[in-house]
Amino acid sequence: MLDEALKGEIQAAYRRVLEALDLTPRYGQRLMIAEIARTLGGITADDAGRRTSDEHVCVLEAGTGTGKTLAYLLAALPVARAQGKRLVIATATVALQEQVLHQDLPALKAHSGFDFDFALAKGRGRYLCVARLEQALDGVADNPTLSLFEQSLAGQGGDDFQALVQEMADAYGSGRWPGDRDSWPDAIPEADWRRLTIDHRQCTNRRCGHFGACAFFRARRDLDSADVIVANHDLVLADLSLGGGVVLPPPGDCIYVFDEGHHLPDKALQHFTHRVGVGSALRWLGTLKKSLTELNAALAVQPTLARLLAGLPELIGALEPRLGEAFSLGHQLAGRPQGLGDGEESLIHRLPMGRVPDALRDQAGSLVTAFAELSRSLETMSDILRESHDPDKHTGLPREPAEAWLPLVALLHGRALEAHALWQAYAESDEEGEAPRARWLVLERLGGDGELTFSASPVTAAPTLARTLWGSCFGAVVTSATLTALGRFERLQERAGLANRYRYQRLPSPFDYSQAVLSVPREAVDPADREAHERAIVDFVESLAEDEAVLMLFSSRAQLRAVEKALPRALAERVLAQDRLPKRELIARHRARVDAGEGSIIFGLASFAEGIDLPGDYLTHVVITRLPFAVPDDPVGATLAEWIESRGGNPFMRISVPDASIKLVQASGRLIRKESDRGRITLLDRRVLTRRYGRALLDALPPFEREIDGVRQLP
């Protein structure tokens, strides 16, 4: 139960912020504050601070203009502090993360009366490694013990690498740069950055001679004292996959807010997907074999390392032919025993229902055993090399060779672990009655050589999220403008593992959607006739007024280009196509044209249906060329659909239609960004009128005025 003192504190802070920032109170925002405070304030805990209640999560759909960020900060921060917990704000995009960090939190601290500290949390790979920077300054990167091996794995740096290193050293040493990649003023080439950062396996932590000056651990020290931590979904998921409490505080000590929460299930699936390229694995094993002489010369003075190094030739010798057999088996399964045919650049072969043929399962089992042995050897070697950095540990290996070889051995350990996880997914049988894992093969040409990549992924992240996130956290808020599908939360619950007992609410929007018209014009046709559909789109573009500010959303790059090519030259000059310009430049040109009183038409793909903010006159017309059904070539989605169908379900109605509903709401949401916005949304897909799911899709949209075939509809 939320006590009266805490309720009064939140209400007083809300009044102060509204007055200071000259904001108008919004009904949906007040409801959101109340729902979050009621949910989080009602969490019970034992004397050790462990949660004892199980209604600790609230899921709130709040449209654009609600003021979500201010609402969840005002409600969650004082409750978290009263409960002795840390507040972790996780976003899906960098843009929102920066807004929370640089605008919303400073404003709240300045005007709410709350005294709190906040910090940004990023993964280790976003920070400079000072030890590596020093090695680069000393030219160690050109040492033959490193260059042959590491550069073949991680990629060679750019021509200006040494100049970049010197500039970074000066900036970091003087305190002008905190050492994170994102705050460096220029884009850093990926190959250069890989030579200047490390992952958690390569880091020696307190044993490192540069620990006191480490950029990552300096940032971690800020986290230790912060009441509010700003992160992203990926970092939270990565921390949970390591057991929790590695980069962020332990989940049981956290109240999480997942803004843009509709992205969370997909982000989670990406974390649980394993991929191994057979050609790539053979190459790094071959490079390891060639480097054994150098490894022995540098490390075999230590008895355990000498024994492990002596065993590597046998391990590599066992893996290479088995990988070769898997390579051959994979090509046979894909119907390409001789490799890709002439004119073929790539091929995806999905295993039906994720079932692995016996021959491949047996081969996977032997690879699991071999990679497990290699992983154990490399892990032990990494541990010894790491301990050799510590002057209090007497490993029998000098510090210098340990420093030189740890990054490489740890890198290989990570690759061996990933290979082990992949082959384990192919060797194991799926549990009876549970959704299968998706398993698929990708054949492609890379630099003239053929590559075969084996992949495996769960078809849903729900069980893992239910266990590692919702089951382990103290409390959580999930919010976004689009969480419901067809007006219901069931699809999100199914994908994210959210229990029925949690609190769910759709909050009212502050916008008057009757200021916009949703139109299905006479030009709309069924996209099944591709040529007729493209002609209809071209005809519609030609009918647009010259001064309109238009966002036209396409479902495929091929159709976008076909329509662009078919337009008269004068009209094509008004078009700004997503695949022709960088996003930032495209938006800037569009705004400049509108400011000059000219018309402008953006041709965009699915990514432009979300995250584009063009308020007022910058966008007066959104055209959706086709209902946003997912392309049925995703192996994970196809396997899930196949499994649902095998159990008597209808995957189209259970997955495709709800997911299309969410995307349609997101696309329509590009138009109304402020209370004064108005305009038109046009659907050029007649299926919304002719198919039985069409009315459900239309009814899930905001209450726009409707116009069908040029005739206004009664509300």
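Quick caveat: nothing in here was measured; it's all calculated off a predicted structure.

> Is there a simple way to explain the pairing of strand S15 (residues 600-604) in this structure?
Look at any regular strand and the pattern is simple: side chains alternate between the two faces of the sheet. Extensive coverage of S15 is indicated by the burial of five of its five residues. Both faces of S15 are covered, namely the face carrying Ser600, Ile602 and Gly604 and the face carrying Ile601 and Phe603. With three bridges connecting them, strand S14 (residues 575-577) and S15 associate as parallel partners. Residue pairing in the sheet places Val575 in a bridge with Ile601 of S15. Once the chain exits S14 it traverses helix H22 (residues 583-595) before rejoining the sheet at S15, and the crossover so formed is right-handed.

> Help me out: how do you make sense of unusual backbone geometry in this one?
Glycine aside, residues mostly have negative phi angles, and peptide bonds mostly take the trans form. Residue Leu486 is not a glycine yet carries a positive backbone phi of 55 degrees. Note on placement: Leu486 falls in the loop between strand S10 (475-480) and helix H18 (490-496). Residue class for Leu486 comes out buried when judged on its relative accessible area of 18%. Phi at Asp709 is positive, roughly 50 degrees, even though this residue is not glycine. By the secondary structure assignment, Asp709 is in the loop between strand S18 (705-708) and strand S19 (711-712).

> I'm lost on the side chain of Ser377 in this one. Help?
Relative to the helices and strands, Ser377 is located in helix H15 (residues 358-387). Residue Ser377 is classed as buried on the basis of its relative accessible area, which comes to 11%. In this view, Ser377 contacts Leu308 and Leu315; residues no more than four positions away in its chain are not counted.

> Please explain the sheet that holds strand S6 (residues 274-277) as it appears in this structure.
Hydrogen bonds between backbone atoms are what pair the strands of a sheet, whose relative direction is either parallel or antiparallel. Taken in spatial order, the four strands of this open sheet run S6-S9-S8-S7, and their pairing is antiparallel. Two strands lie at the open edges of the sheet, namely S6 and strand S7 (346-350), each paired on one side alone. Direction aside, neighbouring strands of the sheet carry axes that sit 15 degrees apart on average. Relative to strand S9 (residues 449-458), strand S8 (residues 437-446) is paired through ten bridges, and the arrangement is antiparallel.

> Looking at this structure, I do not really get the packing of helix H10 (residues 233-241) against helix H11 (residues 264-271). What am I missing?
The description of two packed helices rests on the angle between their axes and on the distance between the axes. Contact geometry for H10 and H11: axes closest at 10 Å, N-to-C directions at 45 degrees. By the angle between their directions, the pair H10 and H11 is classed as oblique. Between H10 and H11 lies a crossing of right-handed hand. Residues His233, Asp234, Leu237 and Ala238 of H10 pack against Leu264, Lys267, Ala268 and His271 of H11. When the residues that make up the contact of H10 with H11 are grouped by side-chain class, the tally is four nonpolar, two polar and two charged.

> Is there a simple way to think about the pattern of salt bridges in this case?
This model, assessed by the stated rule, comprises 42 salt bridges. With a shortest N-O distance of 3.5 Å, Asp54 and Arg501 are connected by a salt bridge. With Asp54 in the loop between helix H2 (27-41) and strand S1 (57-61) and Arg501 in the loop between H18 and strand S11 (503-506), this residue pair connects regions lying 447 residues apart in the sequence. For Arg501, a relative accessible area of 43% gives the class partly exposed. A salt bridge links Lys289 to Glu320; its shortest N-O distance comes to 2.9 Å. Here Glu320 lies in helix H14 (residues 303-333) and Lys289 lies in helix H12 (residues 278-290), a separation of 31 residues in the sequence. For Glu320, a relative accessible area of 21% puts it in the partly exposed group. What you see here is one network of salt bridges that share partners, running through Lys122, Arg126, Asp180 and Asp182.

About the thresholds
Residues numbered from 1 in each chain as written. Predicted model: local features only at pLDDT ≥ 70, side-chain atom pairs only at ≥ 80, totals over all residues. Heavy atoms only, no water. Buried < 20%, exposed > 50% of the residue type's maximum accessible area, 1.4 Å probe, protein only. Helix = DSSP H or I, 4+ residues; strand = E, 2+ residues; numbered from the N terminus. Pairing = 2+ DSSP bridges. Right-handed = clockwise from strand over helix to strand, strands pointing away. Contact = heavy atoms within 4.5 Å. Axes fitted to C-alpha atoms, helices over the stretch in contact; angles between N-to-C directions. Parallel < 35°, antiparallel > 145°, perpendicular 65-115°, else oblique. Left-handed = near helix turned anticlockwise from the far one by under 90°. Nonpolar A, V, L, I, M, F, W, Y, C, P; charged D, E, K, R; others polar. Salt bridge = Lys/Arg side-chain N within 4 Å of Asp/Glu carboxyl O.

Keep in mind these numbers describe shape, not what the thing actually does.
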